[in-house]
Amino acid sequence: MDVMNQSIVSEFIFLGFTTSWKIQLLLFVFAFLFYSASMMGNLVVVFTVALDSHLHSPMYFLLANLSVIDMVFCSIIVPKMIYGIFKKHKSISFCGCITQIFFSHAAGGTEMVLLITMAFDRYVAICKPLQYLTIMSPRMCLHFLVTSWTIGLIHSLVQLGFVVDLPFCGPNVLDSFYCDLPRLLRLACTNTQELEFMVTVNSGLISVGSFVLLVISYIFILFTVWKHASRGLSKALSTLSAHITVVVFFFGPLMFFYTWPSPTSHLDKYLAIFDAFITPFLNPVIYTFRNKEMNVAMRRLCSRFVHYKNIS
Ligand SMILES: *[C@@H]1O[C@H](CO)[C@@H](O)[C@H](O)[C@H]1NC(C)=O
């Protein structure tokens, strides 16, 4: 309630990418295709893992959870953007903006911790195969998941804590296609340098920290694989290269936003496309559809479905 009393800004305006009608049409098609493909791909992953008992193992449960987060993540930003593409006045309400920030940071933070969990899962599977099932027990998996969501939510609540009392007294144009904290802070009618610093530290810490942890764990796994080269080197390498690709796509743009010293460049707006569109789309492609077991499971599921249809 405090927010409403202090602020006279009740909505924010997105500048979007361009005013050219042709490019907007192109963006619309691009956004629509990528969004539908991401949702479909991730849904297929979740259903395949849930319905096929051969895939009831920690690695696939974690993958399915990643897919759920991806669907949440892209649904926070993309539908709103698609809806606004052809509108002259691309507005979002004050609460809508805060909601976008809250959920995108919560889902983003959770995804980071989940990626670390997945790296740990691969570490145990490759480096300690005999203890795999005892270490990655169902209870442990659940612990990891709860921890991921808790860290994501805490991270997001801390971020919101920084803006909730800010006065917004007039400027309300965001040069972006979604609400992000650094740009929002610059609209407040008070000196926000300290806050911007805190936001950068909070997001920078969680993203750079997770990234470093991931890189270290991949180097460690690669080193172990290399030492015992007889044990399925190529399989381990292909799994790891998939993980590393996703990690670079996901963290690259994020670390750029939050640690780049000059916030006035437009580059970050375009880089945000990666996290909003490309990563949620790539995750099922890279992690899953290239995976043999998953392919077999999907085929099995398909034939089961066809069979069922023929009977009924
Ligand atoms: C997420 O992981 C948990 C624990 O491993 C599992 O029980 C659950 O089914 C997973 N969620 C999905 C959507 O697969």
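Residues numbered from 1 in each chain as written. Predicted model: local features only at pLDDT ≥ 70, side-chain atom pairs only at ≥ 80, totals over all residues. Heavy atoms only, no water.

(A) Representation of the overall build of the protein. On a plain count of helices and strands, the protein comes out with 11 helices and 3 strands. If you list the helices and strands of the protein from N to C, you get α-β-α-α-β-α-α-α-β-α-α-α-α-α. Seen through its principal axes, the protein has C-alpha atoms that stretch 65 × 50 × 35 Å. By sequence separation, contacts in the protein at least 24 residues apart represent 80% of the contacts at least 6 residues apart. (Helix = DSSP H or I, 4+ residues; strand = E, 2+ residues; numbered from the N terminus. Contact = heavy atoms within 4.5 Å.)

(B) Geometry of the nonpolar core. Counting 68 residues, the largest nonpolar core has Met 81, Leu 115, Phe 177, Phe 251 and Phe 277 as the members making the most contacts within it. Only helix 2 (21–51), helix 3 (58–84), helix 4 (94–127), helix 6 (138–163), helix 8 (193–227), helix 9 (233–259), helix 10 (267–289) and helix 11 (292–311) provide two or more residues apiece to this core. Element by element, the count of residues in this core is highest for helix 3, at 14 residues. Excluding residues that lie within four positions of it along the chain, Leu 115 makes contacts with Leu 66, Leu 214, Val 246, Phe 250, Phe 251 and Tyr 287. If you look at the next biggest cluster of nonpolar residues, it comprises 22 residues, including Phe 12, Phe 94, Cys 97 and Phe 168. (Core = buried A, V, L, I, M, F, W, Y, C linked by side-chain atoms within 4.5 Å. Buried < 20%, exposed > 50% of the residue type's maximum accessible area, 1.4 Å probe, protein only.)

(C) The arrangement of the sheet that holds strand 1 (residues 11–14) in detail. Strand order in the open sheet formed by 3 strands is 2-1-3, and the pairing between neighbours is mixed. Strand pairing shows two members of the sheet lacking a second neighbour, strand 2 (90–93) and strand 3 (173–174), which therefore form its edges. Both strand 1 and strand 3 contribute to a ladder of 2 bridges, which runs parallel. For Ile 13, the partnering residue across the bridge sits in strand 3 and is Val 173. Against the sheet, helix 4 makes contact with strand 1, strand 2 and strand 3, and its axis sits at roughly 80° relative to strand 2, the strand it touches most. (Pairing = 2+ DSSP bridges. Axes fitted to C-alpha atoms, helices over the stretch in contact; angles between N-to-C directions.)

(D) Representation of the confidence of the model for the protein. Residues at a pLDDT of 70 or more form 92% of the protein, whose mean pLDDT is 83. The weakest mean pLDDT in the protein belongs to helix 1 (residues 2–6) at 47; the strongest belongs to helix 6 at 92. Across residues 1–5 the pLDDT falls below 50, and counting only partners more than four positions away or on other chains, this stretch makes 5 contacts in the model. (pLDDT = per-residue confidence, 0-100.)

(E) Highlighting the site of the ligand. Close to the ligand lie Phe 61, Ala 64, Asn 65, Val 68, Cys 141 and Leu 145. One of the side-chain N or O atoms of Asn 65 is found 2.3 Å from an oxygen atom in the ligand. When the free accessible area of the ligand is taken as 360 Å², the share hidden by the protein chains comes to 69%. Mapped by element, the contributors of at least two residues to the shell around the ligand are helix 3 and helix 6. Among the elements that line the shell around the ligand, the one with the most residues is helix 3, at 4 residues. Along the lines of polarity and charge, the residues of the shell around the ligand split into 5 nonpolar, 1 polar and no charged. (Near = heavy atom within 4 Å. Polar contact = N/O pair within 3.5 Å; in protein donor to acceptor, adjacent residues only side chain to side chain. Areas by Shrake-Rupley, 256 points an atom, 1.4 Å probe, with all protein chains shown as cover. Nonpolar A, V, L, I, M, F, W, Y, C, P; charged D, E, K, R; others polar.)

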